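Residue-level structural notes
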Amino acid sequence: MKPLIEVKNVRKIYRMGDEKEIALDDVSLSVHKGEIICLVGASGSGKSTFLNMVAGLEKPTRGEIYIGDIPIHKLNEEKVTLFRQKNIGFIFQAFHLLPMLTAVENVGLPLIFRGVDNKKRHILAKKMLEDVGLSGYEKRKPSQMSGGQQQRVGIARALVGNPKIIFADEPTGNLDSSTSVEVMEIMVKKVRENNQTLLIVTHDPTISEYADRIVTIKDGNILNIEENKRG
Amino acid sequence: MNSRDLIQLAIRNLLRRKTRTFLAVIGVVVGTCAIIVMLSIGFGLSHNFEEQIASYGNLHLVNVYQGGGYVVGGYSDGKQAILDDKAIAAMERIKGVDAVSPRVEEYLTFGIDKHVASVSVIGMKPEVMQKFGFNLQEGRLLQPGDKYALVFGNQVPVMFYNPRETMYSSWSGEPKVDVITDKIIMTGDWEYGQKRRHGSEGEKINYKEYKAQGVGILANPNDESAYYVYMNIDTLKTIKEDLKRARKEIGPNQQGYQSAMVYVGDINDVQDVSDKIREMGFQTHSLSDWLEAMQDQAKMIQGILGGIGAISLLVAALGITNTMIMSIYERTKEIGIMKVIGANLGDIRRMFLLEAGMIGFLGGLAGVVLSFILSLLMNTVLSDLLSMMFGSIGVGGSTISIIPWWVAVGGLVFATAIGLISGYSPARRAMKLSALESLRNE
Ligand SMILES: Nc1ncnc2c1ncn2[C@@H]1O[C@H](COP(=O)(O)OP(=O)(O)OP(=O)(O)O)[C@@H](O)[C@H]1O
Ligand SMILES: [Mg+2]
């Protein structure tokens, strides 16, 4: 079967004046539909850079990235945004909810950009909040919720548009261990239900338990790829 | 992103920083108000000029005289243009001209019973009188076929007096005659109806007396028409010839008419029409010549005032730009989030443009409303105050400020446009922000 994501010999160099920082050296990876991939590695090894590149937030210095048949590395900003809007969900370490919007409005935000009308948006967002166990919290502002609750809103927001791929950069980085497990359970459950593809960056070894494959990155290169044999 | 969501989001964002939004709006209010009020004073001025000049006569009218000019571009034989029927027909064809009539004038005396009045009589073509914009107080205007029918200027009936009782016309009070129902005698004899004839020297002139019938009285008591009597030009020409014969005057028979009246439907065309007629080789005179000069002056004053207003709107524009830039700094992270979760570049730009546009629109709206209030105050309170201090100066000077509807609408549109323009560069900047860098911004 043809992989959903194909990363071929990607290199990323940041230039700051005369200095050069090789964030990614030469990375190739294929991910199939429905897979959950965990990216682990030391701080500064290039995990976030890799994720951002695949999500089209940054352009590789060299190499190719395909999602389906679409050459992400070639799209201009306009097109890549549109692609992201339709196909990709994002979960952040720092939640990144909009402070002026309520929980249900935050969840509905990606749908606003798709032009979904208010009524339909509200129904979908409310349902999604329910699925992440936050019914009753619809009207709360982010400042009125705990970190775990906020991250569940973040998950709901990433999933509401039913994207093909979800990226999560240290989604549990700001949460304690029991809350982390809670949040991971919800996320993985939803992703499995809808046969979505998930790429998670994490430092937490317990998180990698949920993955199908664990990719270890070191100094901008893939050190090894470990199949998770849970059965 | 549909427009309803866009608007809702913009409103919420504006309400987040109420004070700042309010201050930006106030700037626009002041700017809009300054421009509109300043312009309105200019319009008031120009209106007063127009009213003043209109009270001296008819602004639609161009009087054409023979003589003076020569055909422009004609050969150098210096042949004078002749004001004949051909020339009149040519004037009728000029764009903007509603009607043309040749004009003959004669000073005649009217007698009704024991009362007399001596008035200048204007002969014109009865078939075009309707088109000259005369308003009637009573009766009708001249019609084709009228011969000895008379249309009286508004003030003429008052001028009838009994020469056996007083020496002169009264010029005021109630008319002692009814010029429409009473029988009228018309003659060239200025001493008609008086007890003794002063002019005993020379031989007695045998003046003809004509029976005439008043058919109408004009409505305007102020302009020059008020002191004239109007009748059929052909009849008046005959009377003139009779007089000439009776007075035994000799002189060359003049070619063409002495003068003509041209009626222009739109006052704004009067200058063009005058120019064209002068090109034909005639002299023209119209009150609009005057008005033009005065209005140029009013426009200049208005330009200066409007410029002062424009400066304050410019300051307001800077205020909007500043507000938007501040807002973008504050919301950098938000913009990054929106971009990552799928906001189109266009949506981001539209969002900020809309906010800036709303500030402009709201400020403009409030500015227009405030302008009308100020205008009203100026026309009542200030106007009273001024006339108390200086007495009532001139005619119709009570209107200080006039706001035409298009200035109000224009002000609103302009303020909104200023908002959009001020917001353009900040909105572009927001759109161009790198999503990742914005997210790192804490
Ligand atoms: N915008 C940038 N400009 C310059 N250098 C950068 C930039 N972004 C990342 N880097 C560098 O690239 C390397 C990889 O960074 P990256 O953020 O991918 O690391 P990471 O694996 O996500 O680390 P962490 O676990 O701490 O989040 C680092 O050395 C970093 O300093
Ligand atoms: Mg990272």
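Computed from a predicted model, the values in this text were never measured in an experiment. (Residues numbered from 1 in each chain as written. Chains lettered and ligands numbered in written order. Predicted model: local features only at pLDDT ≥ 70, side-chain atom pairs only at ≥ 80, totals over all residues. Heavy atoms only, no water.)

1. Topic: the domain arrangement of chain B
Along its sequence, chain B is carved into domain 1 (3-55 + 293-440) and domain 2 (61-285). Its C-alpha centre places domain 1 of chain B at a distance of 55 Å from the equivalent point of domain 2 of chain B. (Domains from an automatic or database assignment.)

2. A short note on the packing of aromatic side chains
Residues and elements named next belong to chain B. The final tally for this structure, using the stated rule, is 9 aromatic pairs over all chains. Considering the side-chain rings of Tyr148 and Tyr210, the 5.9 Å spacing of their centres and the 20 degrees angle between planes classify their relative orientation as stacked. Taken as a pair, Tyr148 in the loop between strand E4 (136-139) and strand E5 (149-152) and Tyr210 in strand E7 (residues 209-218) lie far apart in primary sequence, 62 residues in all. You can call Tyr210 buried: its relative accessible area is 9%. When the ring centre of Tyr228 is taken as reference, the NZ or CZ atom of Arg103 above it lies at 5.8 Å. (Phe/Tyr/Trp six-rings, centres within 6.5 Å; stacked < 30°, edge-to-face > 60°. Helix = DSSP H or I, 4+ residues; strand = E, 2+ residues; numbered from the N terminus. Buried < 20%, exposed > 50% of the residue type's maximum accessible area, 1.4 Å probe, protein only. Lys NZ or Arg CZ within 6 Å of the ring centre and 35° of its normal.)

3. Comments concerning the sheet that holds strand E6 (residues 88-91) of chain A
Residues and elements named next belong to chain A. If you walk across this open sheet you meet the 6 strands as E6-E7-E8-E3-E9-E10, and the pairing is mixed. Each edge of the open sheet carries a strand with a single partner, namely E6 and strand E10 (221-227). In this sheet, neighbouring strand axes are inclined to one another by 20 degrees on average, regardless of whether the strands run parallel or antiparallel. In the sheet, strand E9 (residues 213-218) pairs with E10 via 6 bridges, with the strands oriented antiparallel. (Pairing = 2+ DSSP bridges. Axes fitted to C-alpha atoms, helices over the stretch in contact; angles between N-to-C directions.)

4. Regarding the site of ligand 1
Taken together, 15 residues sit near ligand 1, with Ser43(A), Gly44(A), Lys47(A), Ser48(A) and Thr49(A) positioned nearest. Chain contributions to the surroundings of ligand 1 come from chains A and B. Side-chain polar atom of Glu21(A) to an oxygen atom of ligand 1: 3.1 Å apart, as the coordinates give it. At 2.7 Å from an oxygen atom of ligand 1 is found a side-chain nitrogen or oxygen belonging to Ser48(A). Considering ligand 1 on its own, with 630 Å² of exposed area, one finds that the protein chains cover 70% of that surface. When contributions to the shell around ligand 1 are tallied by element, the ones reaching two or more residues are strand E1 (5-16), strand E2 (19-31) and helix H1 (47-54) of chain A. Broken down by element, the residue count for the shell around ligand 1 peaks at 3 residues, all from H1(A). When its residues are assigned to classes, the shell around ligand 1 shows 4 nonpolar, 7 polar and 4 charged. (Near = heavy atom within 4 Å. Polar contact = N/O pair within 3.5 Å; in protein donor to acceptor, adjacent residues only side chain to side chain. Areas by Shrake-Rupley, 256 points an atom, 1.4 Å probe, with all protein chains shown as cover. Nonpolar A, V, L, I, M, F, W, Y, C, P; charged D, E, K, R; others polar.)

5. Focus on the interface of chain B and chain A
Listed by partner, the interface residues are 24 residues for chain B and 28 residues for chain A. Here chain B meets chain A over a buried area of about 2400 Å², counting both sides, of which 63% is carbon and sulfur. Looking at the side of chain B facing chain A, the largest losses of area belong to Val340(B), Ile341(B) and Leu436(B), adding up to 25% of the total buried there. Viewed at the interface, chain A and chain B are joined by 3 salt bridges. Between Asp5(B) and Arg121(A) there is a salt bridge, with its nearest N and O atoms 2.6 Å apart. The tally of links from chain B across to chain A stands at 8 residue pairs in polar contact (both at pLDDT 80 or more). Counting residues per element, the ones that place at least two in the side of chain B that touches chain A are helix H1 (3-16), helix H7 (332-340), helix H8 (345-390) and helix H10 (435-440) of chain B. Taken together, the residues of the side of chain B that touches chain A sort by class into 11 nonpolar, 4 polar and 9 charged. (Contact = heavy atoms within 4.5 Å. Buried area = accessible area lost by both parts, 1.4 Å probe. Salt bridge = Lys/Arg side-chain N within 4 Å of Asp/Glu carboxyl O.)

6. Let's talk about the pattern of salt bridges
Going through the model one piece at a time under the given rule, you end up with 25 salt bridges over all chains. Between Lys339(B) and Glu77(A) there is a salt bridge; the shortest N-O distance is 3.6 Å. Placement of the pair is Lys339(B) in helix H7 and Glu77(A) in helix H2 (residues 77-87), with the two residues belonging to separate chains. Note on Lys339(B): relative accessible area 2%, which makes it buried. Judged by relative accessible area, Glu77(A) falls into the partly exposed class, the value being 40%.

7. What about empty space enclosed by the protein?
Per the stated rule, a full pass over the model turns up 3 cavities of 30 Å³ or more. Empty space within the largest cavity amounts to approximately 70 Å³. In this structure, the largest cavity is lined by Gln85(A), Ile88(A), Gly89(A), Phe90(A), Pro110(A), Arg114(A), Arg157(A), Ala158(A), Gly161(A), Pro163(A) and Ile341(B). Going through the elements one at a time, E6, helix H3 (103-114) and helix H5 (147-159) of chain A are the ones with two or more residues in the lining of the largest cavity. Ranked by residues supplied to the lining of the largest cavity, first place goes to E6(A) with 3 residues. Its residues assigned to classes, the lining of the largest cavity comprises 6 nonpolar, 3 polar and 2 charged. Estimates place the volume of the second largest cavity at around 50 Å³. For the second largest cavity, the full set of lining residues is Asn13(B), Leu14(B), Arg17(B), Arg20(B), Thr21(B), Thr323(B), Met324(B), Ser327(B), Arg331(B), Glu355(B) and Ile359(B). Counting residues per element, the ones that place at least two in the lining of the second largest cavity are H1, helix H2 (18-54), helix H6 (287-330) and H8 of chain B. Among the elements that make up the lining of the second largest cavity, the one with the highest residue count is H6(B) (3 residues). (1 Å grid on protein atoms, 1.4 Å probe; cavity = no way out; pocket = protein on both sides within 12 Å on 5 of 7 lines; lining within 4 Å. Points joined across faces, edges and corners; volume = space filled by probe spheres on them.)

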